[in-house]
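Residue-level structure breakdown
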Amino acid sequence: MINFVLIVVCVVAGMIFKSTKTIHPDAHKGINTWLLYIALPAVSFKYLPKVEWSWEMLFPILSTVLTAIGGWAFMLLYSRIKNYSARSRSTMELASGYSNTSFIGFPLITAFYGEKYLSIAIICDQTMFLMLSTMGIIAALRGGSKSGKVDSKFILKRLFTFPPFIGCISALILSQFIDLHFAEPMFDKLASTVAPLALFSVGLQLKFNGWRKLIPQISTSMLYKLILTPIMVLILAVVFGVKGDIAKISIFESAMPTVITASIIAEQYRLNTKLINLIIGISILVGFVTTGIWFEIIEFLF
């Protein structure tokens, strides 16, 4: 309970600082730079070398892929029913199929389950980034560009220059050849900055202007992201007989709100940034409630 209160305090503090205009409007960019280049790679080096790999560890990967593909299919159907444009469909797909598995997910995993389970969460997070950097970019290109062409070189460059992804791969490889125990105190200190700074950054970026006119799109996106997605992953776990911590964390991570990076991609490719920013902001606040409910459901079932 105390950890959850601290999570809310960090987000609200960011919102207050933003509203009082006592902090630079781009302050979150500096915080995000620290998180992306230092803190999140440190989390990989802290936890991934200790992961006990098994066939069940493929489940977090499978569940994350299901989330992205399900978002594409759900929004394709919904957009056809509503006769939305390709731009609107791509915006909703981007907002619905990709979870905030690190900036929100890691602090909530720590609060509800404990820090030791971040090793599973990292697998979800890196798979989600992989899906966002491929399927997400393709969706944005098709919805935002006139030609709809997809530049594969750009996608690969974005993928292999993303610091947390480099940190993840480096941690997996180097740990096989080098004993990294001597650096664990440093990794501990750096990794401990993720939760407060990530949540404070989230608070600085939340936007809520003009939400009433977009209630149908916002509510549909949150229906898929916060309710239907964890239901799908829960069913998947039952079908494959996956139990225990791996199932719990995978389901819990799938219930996270929309990833903030989706807003950056939407802006780059001329999608509906107002809609996606509203979905991000509202889904994060609502997600604090729904993830608590999902925690109780998961603990009851598993």
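The structure under discussion appears in the preceding block.
Fair warning: this is a prediction, and the values are worked out from it, not measured in the lab.

**Some details on the overall build of the protein chain**
Regarding its fold elements, the protein chain presents 14 helices and zero strands. In the protein chain, the succession of helices and strands from N to C terminus is α-α-α-α-α-α-α-α-α-α-α-α-α-α. With the principal axes as the frame, the protein chain shows a C-alpha extent of 55 × 50 × 45 Å. The proportion of buried residues among the 302 residues of the protein chain is 51%. A separation of at least 24 residues holds for 86% of the contacts in the protein chain among residues at least 6 apart in sequence. Here the protein chain has roughly 14,500 Å² of accessible surface; of this, 67% comes from carbon and sulfur atoms. Averaged over its 25 positive side-chain charges, the protein chain has a centre that lies 17 Å from the centre of its 15 negative ones.

**Some details on the packing of helix α3 (residues 59-82) against helix α11 (residues 215-240)**
Across the interface, α3 lies against α11 with an axial gap of 9 Å and an inter-helix angle of 140°. On the basis of their axis angle, the class for α3 and α11 is oblique. Both α3 and α11 take part in a crossing whose hand is right-handed. Classifying every residue of the contact of α3 with α11 gives 14 nonpolar, eight polar and one charged.

**Side note on the side chain of E93**
Turning to its location among the elements, E93 is positioned in helix α4 (residues 86-96). R89 is the oppositely charged side chain nearest to the buried, salt-bridge-free E93, at an N-O distance of 4.5 Å. Discounting chain neighbours no more than four positions away, the residues touching E93 are G71, W72, M75, Y98, M135 and A139.

**Some words on the side chain of S254**
Structurally, S254 can be placed in helix α12 (residues 244-254). Within the structure, the side chain of S254 is placed 2.6 Å from the backbone oxygen of I251, a separation counted as a polar contact. Not counting residues within four places of it along the chain, the set of residues in contact with S254 comprises T67, S99, K225, T229, P230 and V233.

**Let's talk about a nonpolar patch on the surface**
Together, L62, L223, I227, I231, I235, V239 and F240 line one region of the surface with nonpolar side chains, adding up to about 620 Å² of accessible area. Top element by residues in the nonpolar patch is α11. It accounts for six residues. Within the secondary structure layout, I231 lies in helix α11.

**Some thoughts on the pattern of salt bridges**
What the rule picks out here adds up to three salt bridges. In this structure, K46 engages E115 in a salt bridge whose closest nitrogen and oxygen atoms are separated by 2.9 Å. Of this pair, K46 sits in helix α2 (residues 27-47) while E115 sits in the loop between α5 (105-112) and α6 (118-144), placing them 69 residues apart in sequence. The exposure class assigned to K46 is buried, which follows from its relative accessible area of 10%.

**Some points on the packing of aromatic side chains**
This model, assessed by the stated rule, comprises eight aromatic pairs. Measuring from ring centre to ring centre gives 4.9 Å for F112 and F295, while their planes differ by 40°; the resulting arrangement is tilted. Highlighted residues: F112 in helix α5 and F295 in helix α14 (residues 273-301), separated in sequence by 183 residues. Residue classification places F295 among the buried residues on the basis of a relative accessible area of 16%. An aromatic cluster is present here, built from F112, Y113, Y117, F252 and F295 joined pairwise through their rings.

**As for unusual backbone geometry**
Of note in this structure, N83 is not a glycine but carries a positive phi near 60°. Along the chain, N83 falls in the loop between α3 and α4. Look at N83 and you get exposed, because its relative accessible area is 67%.

**Some words on the packing of α2 against helix α8 (residues 163-174)**
Viewed as axis vectors pointing N to C, α2 and α8 meet at an angle of 30°, and their least axial separation amounts to 8 Å. Judged by the inter-axis angle, α2 sits roughly parallel to α8. The two elements α2 and α8 meet at a crossing, and its hand is right-handed. The segment α2 lies against α8, with L36, Y37, L40, P41, S44 and F45 engaging P163, P164, G167, C168, S170, A171 and L174. Residue composition of the contact of α2 with α8, grouped by class: 10 nonpolar, three polar and no charged.

What counts, and at which threshold
Residues numbered from 1 in each chain as written. Predicted model: local features only at pLDDT ≥ 70, side-chain atom pairs only at ≥ 80, totals over all residues. Heavy atoms only, no water. Helix = DSSP H or I, 4+ residues; strand = E, 2+ residues; numbered from the N terminus. Buried < 20%, exposed > 50% of the residue type's maximum accessible area, 1.4 Å probe, protein only. Contact = heavy atoms within 4.5 Å. Areas by Shrake-Rupley, 256 points an atom, 1.4 Å probe, with all protein chains shown as cover. Lys, Arg positive; Asp, Glu negative; His and termini not counted. Charge placed at Lys NZ, Arg CZ, Asp CG, Glu CD. Axes fitted to C-alpha atoms, helices over the stretch in contact; angles between N-to-C directions. Parallel < 35°, antiparallel > 145°, perpendicular 65-115°, else oblique. Left-handed = near helix turned anticlockwise from the far one by under 90°. Nonpolar A, V, L, I, M, F, W, Y, C, P; charged D, E, K, R; others polar. Salt bridge = Lys/Arg side-chain N within 4 Å of Asp/Glu carboxyl O. Polar contact = N/O pair within 3.5 Å; in protein donor to acceptor, adjacent residues only side chain to side chain. Patch = residues over 30% accessible without salt bridge, like charges linked within 9 Å, V, L, I, M, F, W, Y side chains within 5 Å. Phe/Tyr/Trp six-rings, centres within 6.5 Å; stacked < 30°, edge-to-face > 60°.

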